[in-house]
Amino acid sequence: MTYTNHIADNKIFRVQNIIDQLKLDKKLGPFPVFADPLSSKTYNKLKSKNTIYSYLDKKLSGKARTKAVELHKRWKNLDKKKIPHWNYLKYAFNLFMSKEFLYFINLYYLTIKKIIATENVKVIVLTATNGLFDKCAMAAAKTKKISTAVLQHGVGGFTMSPEIIGNTKIMVFSDFYKKLLTDRYKIKKESISVVGPVIFDSIAKYKNIKTKKGRKILLITIPAIEENWLTEKRYWDIVKNTLKDIQKIQGELIIKLHPREIYEDKYRSILQSIGLKAKILKHTTRDELYKLINWSDVFIHYG
């Protein structure tokens, strides 16, 4: 199960190699199912794709609505005074336990159950654990007694507990992440497999291509503010100090922002304040990103 914003150059980020290998093995047939995140606005990419929406129908919608009303009623009847810090938590729970939100949870859960039965699905492969579709997929897999495999999302993965459901196995990049999951989040070792950094499968063709050396600098940033990893002041201090050090090299600079970053103007403001020129990029394909890394003589990433 994947998303429209993972489609690039007619390939599916993170899962394309799995699909290709399954086609070669001819033991299990790949059946990628797409959903469109509300934030992506790329629904036009759903054309000619298998989508979760193709399996929705009025019967499922009716069941989901009935269950949502039932759960909402049970929630309303709970004594909230016994919940610690309720005055602070109530605003979030008013959304999550609303009839509308519960309707969508039930609708996607029932729909994925239908997909499992209709398409005779044996294993569900996910690229995240904390999204609405991901949780519904794991819950549906548990109900239908099939397995779920979760591919590690990125190098900075597991900043929060994956909270896996049912017979779910997490595929991680290295023993470092396996230890992190077992120590910090108490995930059982049997639920983790070390498979290597699958996100770098496409890098191999760029290895050892570069021959010329110069002063080309690539800085790749992270959504530290958007994800609440750092305060705005702390993060911008780091960025400003980094750029001042880069300025000493007197080279050609490209700054590649993470797609979730929203403060592009702040980067431009800092560059202007210290008198440094740079090209800022935000949305690139994987191939374009790897070409940039290959282009650079100095590569800086906040990790």
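All figures in this text were calculated on a predicted structure; none of them were measured in a lab. (Residues numbered from 1 in each chain as written. Predicted model: local features only at pLDDT ≥ 70, side-chain atom pairs only at ≥ 80, totals over all residues. Heavy atoms only, no water.)

J.: Residue-level account of the overall build of the protein, with values.
T.: Scanning the protein for helices and strands turns up nine helices and 12 strands. Here the protein holds 303 residues, and 37% of them are scored as buried. If you take every contact in the protein between residues at least 6 apart in sequence, the share linking residues at least 24 apart comes to 65%. Put simply, the protein shows about 19000 Å² of open surface, and 54% of that area lies on carbon and sulfur atoms. Of the charged side chains in the protein, 57 are positive and 27 negative; the average position of the first set lies 4 Å away from that of the second. (Helix = DSSP H or I, 4+ residues; strand = E, 2+ residues; numbered from the N terminus. Buried < 20%, exposed > 50% of the residue type's maximum accessible area, 1.4 Å probe, protein only. Contact = heavy atoms within 4.5 Å. Areas by Shrake-Rupley, 256 points an atom, 1.4 Å probe, with all protein chains shown as cover. Lys, Arg positive; Asp, Glu negative; His and termini not counted. Charge placed at Lys NZ, Arg CZ, Asp CG, Glu CD.)

J.: Account for the pairing of strand β7 (residues 168-172), with residues named and values stated.
T.: Successive residues of a regular strand alternate their side chains across the two faces of the sheet. Across the five residues that make up β7, a large majority, four, are buried. Bridge analysis of strand β6 (residues 147-151) against β7 gives four bridges, and the strand direction is parallel. Its bridge partner being in β7, A149 is matched across the sheet by K169. Sheet analysis places β7 next to strand β8 (residues 192-194), joined by three bridges and oriented parallel. Residue pairing for β8: I170 is matched across the bridge by I192. On the question of chirality, the crossover connecting β7 to the parallel β8 by way of helix α6 (residues 175-184) is right-handed. (Pairing = 2+ DSSP bridges. Right-handed = clockwise from strand over helix to strand, strands pointing away.)

J.: Give me the lowdown on the confidence of the model for the protein, citing residues and values where you can.
T.: Mean pLDDT for the protein: 91, with 97% of residues reaching 70 or above. Mean pLDDT across the secondary structure elements of the protein bottoms out at strand β2 (residues 7-8), with 80, and peaks at helix α4 (residues 99-118), with 98. (pLDDT = per-residue confidence, 0-100.)

J.: An account of unusual backbone geometry is needed here, citing residue identities and associated values.
T.: One non-glycine residue, K26, adopts positive backbone phi at about 60°. One can find K26 in the loop between α1 (16-25) and β4 (34-35). You will see that E163, though not glycine, has its phi angle at about 45°, which is positive. Residue position: E163 is located in the loop between β6 and β7.

J.: Account for the sheet that holds β8, with residues named and values stated.
T.: Reading across the sheet, the four strands line up as β5-β6-β7-β8 and stay open at both edges, with parallel pairing between neighbours. A single partner strand is all that each edge strand has here, and the edge strands are β5 (123-126) and β8. Pairwise comparison of adjacent strand axes, ignoring direction, gives a mean angle of 20° for this sheet. Across the sheet, α6 touches β7 and β8, and the angle it forms with β8 is around 165°. (Axes fitted to C-alpha atoms, helices over the stretch in contact; angles between N-to-C directions.)

J.: Can you tell me about the packing of aromatic side chains, naming the residues and giving the values?
T.: Counted by the stated rule, this structure contains 15 aromatic pairs. Feature note: the residues Y3, Y103, F104, Y108 and F133 constitute an aromatic cluster, connected by ring pairs. Residue placement shows R65 over the ring face of Y103; its charged tip is 4.2 Å from the ring centre. Over the ring of W75 we find K80; its NZ or CZ atom is 4.8 Å from the centre of that ring. (Phe/Tyr/Trp six-rings, centres within 6.5 Å; stacked < 30°, edge-to-face > 60°. Lys NZ or Arg CZ within 6 Å of the ring centre and 35° of its normal.)

J.: So what's going on with the pattern of salt bridges? Residues and values would help.
T.: Across all of its chains, the model carries eight salt bridges by this definition. Taking the shortest distance from any N to any O, the salt bridge between K233 and D237 comes out at 3.0 Å. Placement of the pair is K233 and D237 together in helix α7 (residues 232-249), with a separation of four residues, close to one helical turn. Owing to a relative accessible area of 62%, K233 belongs among the exposed residues under this scheme. Residue classification places D237 among the partly exposed positions, given a relative accessible area of 33%. Of the charged contacts, one joins E264 and R268 as a salt bridge, the two residues approaching to 2.7 Å between their closest N and O atoms. With E264 and R268 both in helix α8 (residues 264-274) and four residues apart, this pair spans about one turn of that helix. (Salt bridge = Lys/Arg side-chain N within 4 Å of Asp/Glu carboxyl O.)

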